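# Coordinate analysis (summary)
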Amino acid sequence: MAPYTLKWGILATGGIAQTFSKDLLADPSARGADDVHHEIVAAASSSSASRAAEFLKDVGAGPDAKAYGSYAELVVDPNVDIIYVATPHSHHFQNAMLALEVGNKHVLCEKAFTVTAAQVRKLVATARAKNLFLMEAVWTRYFPLSIQVRELVKSGAIGTVYRVVADNSFNSNADSTAASILHFPDSNRMVNPDLAGGALLDLGIYSLTWLFQILYHLQSEDEGEKEAPQVVAAINKYARTGADESTTVVLQFPGHRSQGIGMTSLRVGTGVGSAQKSGPAILIQGSDGEIQVMGPAFKPLAYRVIKKSEEKSADQIPWIDVPIPADKRPGATWAGHGMFWEADEAARCLRDGKKESATLPLSESIVIMETMEEALRQGGIVYPEVITTDVFDKNSPLNTGKA
Ligand SMILES: NC(=O)c1ccc[n+]([C@@H]2O[C@H](COP(=O)([O-])OP(=O)(O)OC[C@H]3O[C@@H](n4cnc5c(N)ncnc54)[C@H](OP(=O)(O)O)[C@@H]3O)[C@@H](O)[C@H]2O)c1
């Protein structure tokens, strides 16, 4: 049977749009995905159509792909099935609403989904009212390693899980002579409040991904409605811009006697500076043992299971590698980044008539955004109104590129 083809429109042309688009065009058979196929049929840049054309050429889209100089033109292209929103998180609500509301398009939106929980709720309500597919692009959830680890936990391999500790931190310190203390200029989206900058929404979301995919997502369906966490947060602010630079979030699930500790920082890195240098970034701790996952938390490729009954010491227990497959096309050098798995999920959902992904349901994205909002509130982090409003405006500067 011919594979199901999904036709993508890429909204924005920055770093992650490039990586994701190259993954979309990597040969699906190299990862054993013969049932789906992706095409990039259009892209838009808020700066100019020529920038979009350059982007399409760089990522290897075909000559027929359309280049637009505005997001508004992209979302009404009748050849596009789904829009991938790849702007800074400050823009996600307005840009995703533009696609849903004006373009009647399905949407895959980069993380963090939005800036506020009310914004996610509105996106979800709009997608449901219009019977459109919507998904938060947390690629980590679709990694084969994440799937294996969730299956292991579900099977009781380490007993009942009572605690998950996860870190996703980058050592971003500049030398002391630099103008900024961190190596980003103050205008950079990592630390700029106008772009919803800060460690939690950018990096901490991956620590929370591990907490949520084990302690929340795997709660038994027989229990009825899932237990949302109580949230306690500690935040250090980046004095130059007011963004959060080091944030720790404790999630408490009293009904399950479980806790999660999610850490993120721009001051110190997981494993010194590079996640591969030292020990695991994630510990999943159960009554009968522990699963350790090597970082980086967003791109997990190795784990091991240490059982309480195990005779060997931890350093004798080998890591299990779950590598990203190499692209087998003749002459190809692009091995892929691992973002194709979330794209495959979107394609399969649409093929099967599903309007959301069971691996990251929209109700769960809402609880995650509520958690981050509460943590930021406790830390006194405030973002400007133009990026926190949940009133859609197709002429918002965030949609017209005049922000
Ligand atoms: N899943 C992942 O692993 C991953 C990794 C990195 C980032 N992300 C997420 O992806 C999103 C984009 O991150 P990125 O690293 O790709 O950022 P980036 O390189 O700065 O690109 C963002 C793009 O958004 C567009 N844009 C529109 N208005 C903008 C404004 N006022 N300031 C800056 N850019 C503006 C620009 O494209 P045009 O000029 O063409 O419109 C720009 O190139 C963020 O939400 C981030 O959290 C995800």
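Source: prediction; values computed, not measured. The residue numbering used here restarts from 1 in each chain and proceeds along that chain's sequence as written. Local features are withheld for residues below a pLDDT of 70 in this predicted model, meaning they are given only at 70 or higher, and side-chain atom pairs are given and counted only at 80 or more; totals for whole chains, interfaces and linings count all residues. Excluding hydrogens and water, the side-chain values take into account all heavy atoms of the structure.

## Focus: the overall build of the chain
What counts as a helix is a DSSP run of H or I of at least four residues, what counts as a strand is a run of E of at least two, and both are numbered from the N terminus. The helix and strand tally for the chain stands at 11 helices and 14 strands. Radius of gyration: over C-alpha atoms. The globule rule applied is 2.2 Å multiplied by the number of residues raised to the 0.38 power. For a compact globule of 403 residues, the expected C-alpha radius of gyration is about 22 Å, and the chain comes in at 21 Å, within 12% of that figure. Each of the three principal axes of the chain carries a C-alpha extent, and together these read 60 × 55 × 50 Å. Buried, partly exposed and exposed residues are distinguished by accessible area as a fraction of the type maximum, computed with a 1.4 Å probe on protein chains only: under 20%, between the cut-offs, and over 50%, respectively. Each of the 403 residues in the chain was classed as buried or not, and the buried ones make up 54%. In what follows, a contact means two residues having at least one pair of non-hydrogen atoms within 4.5 Å. Long-range pairs, those at least 24 residues apart, make up 69% of the contacts in the chain between residues at least 6 apart in sequence. Note on areas: these come from Shrake-Rupley sampling with a 1.4 Å probe, and a residue is covered only by the protein chains present in the view. Accessible area for the chain stands at about 16,400 Å²; split by element, carbon and sulfur atoms hold 52% of it. For the purpose of counting charges, residues Lys and Arg are taken to be positive, whereas Asp and Glu are taken to be negative. His and the chain ends are not included. The atoms used to mark charge sites are NZ of Lys, CZ of Arg, CG of Asp and CD of Glu. In the chain, the 37 positive side-chain charges and the 46 negative ones have mean positions that sit 1 Å from each other.

## Description of the packing of aromatic side chains
Two aromatic rings, drawn from Phe, Tyr or Trp (for Trp, its six-membered ring), form a pair once their centres lie within 6.5 Å of each other, and the interplanar angle then sorts them: stacked below 30 degrees, edge-to-face above 60, tilted otherwise. Under the defined criterion, the tally for this structure stands at 9 aromatic pairs. Relative to phenylalanine 20, the ring of tryptophan 8 lies with its centre 5.4 Å away and its plane at 70°, an arrangement referred to as edge-to-face. Highlighted residues: tryptophan 8 in strand 1 (residues 4–11) and phenylalanine 20 in helix 1 (residues 15–24), separated in sequence by 12 residues. Phenylalanine 20 matches tryptophan 8 in its accessibility class, with the two residues each being buried. A ring pair is formed by phenylalanine 170 and phenylalanine 298, whose centres lie 6.1 Å apart and whose planes are at 70°; its orientation type is edge-to-face. Note that phenylalanine 170 is positioned in the loop between strand 7 (161–167) and helix 7 (199–216) and phenylalanine 298 in the loop between strand 12 (289–293) and strand 13 (302–307), a separation of 128 residues in sequence. Through a chain of ring-to-ring contacts, three or more aromatic side chains come together here, namely Trp139, Phe143, Phe170, Tyr206, Phe298, Phe340 and Trp341.

## Description of the domain arrangement of the chain
All domain edges in this entry derive from an automatic or database-based domain assignment. Segmentation of the chain into domains returns domain 1 (4–138 + 384–400) and domain 2 (144–298 + 300–321). Between domain 1 and domain 2, the residue contacts involve 11 residues of the former and 10 residues of the latter. Salt bridge, as used here: a side-chain nitrogen of Lys or Arg that lies within 4 Å of a carboxyl oxygen of Asp or Glu. On the surface where domain 1 and domain 2 come into contact, there are 1 salt bridge. Lysine 111 serves as the salt-bridge partner of aspartate 202, at 3.9 Å between the closest nitrogen and oxygen. Here a polar contact means two N or O atoms within 3.5 Å. Within protein one must be a hydrogen donor candidate and the other an acceptor candidate, and residues neighboring in sequence count only if both atoms are side-chain atoms. Where domain 1 packs against domain 2, one counts 1 residue pair in polar contact (both at pLDDT 80 or more). Split by residue class, the side of domain 1 that touches domain 2 holds 6 nonpolar, 3 polar and 2 charged. Gly is put with the polar residues, along with every residue not named as nonpolar or charged; the nonpolar set is Ala, Val, Leu, Ile, Met, Phe, Trp, Tyr, Cys and Pro, and the charged set is Asp, Glu, Lys and Arg.

## Here's the deal with unusual backbone geometry
Glycine aside, negative phi is the norm for most residues, and most peptide bonds take the trans geometry. Geometrically, the link from lysine 111 to alanine 112 is a cis peptide bond, its omega value of -20° lying close to zero. Relative to the helices and strands, alanine 112 is located in the loop between strand 5 (106–110) and helix 5 (117–129). Cis geometry is found at the peptide bond from glycine 295 to proline 296, where omega equals 0°. Mapped onto the secondary structure, proline 296 falls in the loop between strand 12 and strand 13. Of note, the phi angle at asparagine 131 is positive, near 55°, even though the residue is not glycine. Among the secondary structure elements, asparagine 131 is positioned in the loop between helix 5 and strand 6 (134–137).

## Description of the environment of alanine 326
Relative to the assigned elements, alanine 326 resides in the loop between strand 14 (320–321) and helix 8 (340–351). For the pair alanine 326 and threonine 13, spaced 313 residues apart in sequence, the C-alpha to C-alpha distance is 25 Å. What alanine 326 contacts, discounting residues up to four positions off in sequence, is Ala30 and Ala335.

## Observations regarding the nonpolar core
For this analysis, a nonpolar core means a set of buried residues of the types Ala, Val, Leu, Ile, Met, Phe, Trp, Tyr and Cys, connected via side-chain atoms within 4.5 Å. In this structure, Trp8, Ile10, Val149 and Ile284 are the most contacted members of the largest nonpolar core, which totals 114 residues. Of all the elements, helix 7 adds the most residues to this core, at 11 residues. Looking at which domains feed residues into this core, each of domain 1 (4–138 + 384–400) and domain 2 (144–298 + 300–321) supplies at least three. Leu182, Met190, Leu203 and Tyr238 belong to the second largest nonpolar core, which has 8 residues in total.

## Focus on the pattern of salt bridges
All chains considered together, the criterion is met by 15 salt bridges. Its salt-bridge partner being aspartate 35, residue arginine 348 comes within 2.8 Å of it at the nearest N-O pair. Of the two residues, arginine 348 sits in helix 8 while aspartate 35 sits in the loop between helix 1 and strand 2 (36–44), which places them 313 residues apart along the sequence. Take arginine 348: its relative accessible area is 27%, and that puts it in the partly exposed class. Residue class for aspartate 35 comes out partly exposed when judged on its relative accessible area of 26%.

## Observations regarding the sheet that holds strand 13
The pairing of strands in a sheet happens through backbone hydrogen bonds and is either parallel or antiparallel. In short, DSSP must find at least two bridges between two strands for them to pair. Sheet architecture is open: 8 strands sit in the order 8-9-10-7-11-12-13-14, paired in mixed fashion. Looking at strand neighbours, the two that pair on one side only are strand 8 (230–237) and strand 14, the edges of this open sheet. Inspection of the sheet shows strand 7 paired to strand 10 (residues 258–265) by 5 bridges, in the parallel sense. Note on strand 10: the bridge partner recorded for arginine 163 is glutamine 259. Running over the sheet, helix 6 (residues 144–154) touches strand 7, strand 11 (282–286), strand 12 and strand 13 and is turned about 15° from strand 13. Its contacts with the sheet place helix 9 (residues 362–378) against strand 8 and strand 9 (244–253), and it is angled at close to 50° to strand 8. A fitted line through C-alpha atoms serves as each axis, taken over the contacting stretch for helices, and the angle formed by two N-to-C directions is quoted from 0 to 180°.

## Some thoughts on the environment of alanine 67
Turning to its location among the elements, alanine 67 is positioned in strand 3 (residues 66–68). A relative accessible area of 31% places alanine 67 in the partly exposed class. Considered as a pair, alanine 67 and alanine 44 are 23 residues apart in the sequence and their alpha carbons are 5.9 Å apart. Those residues in contact with alanine 67 that lie beyond four places of it in its chain are Ala43, Ala49, Ala52, Ala53 and Leu56.

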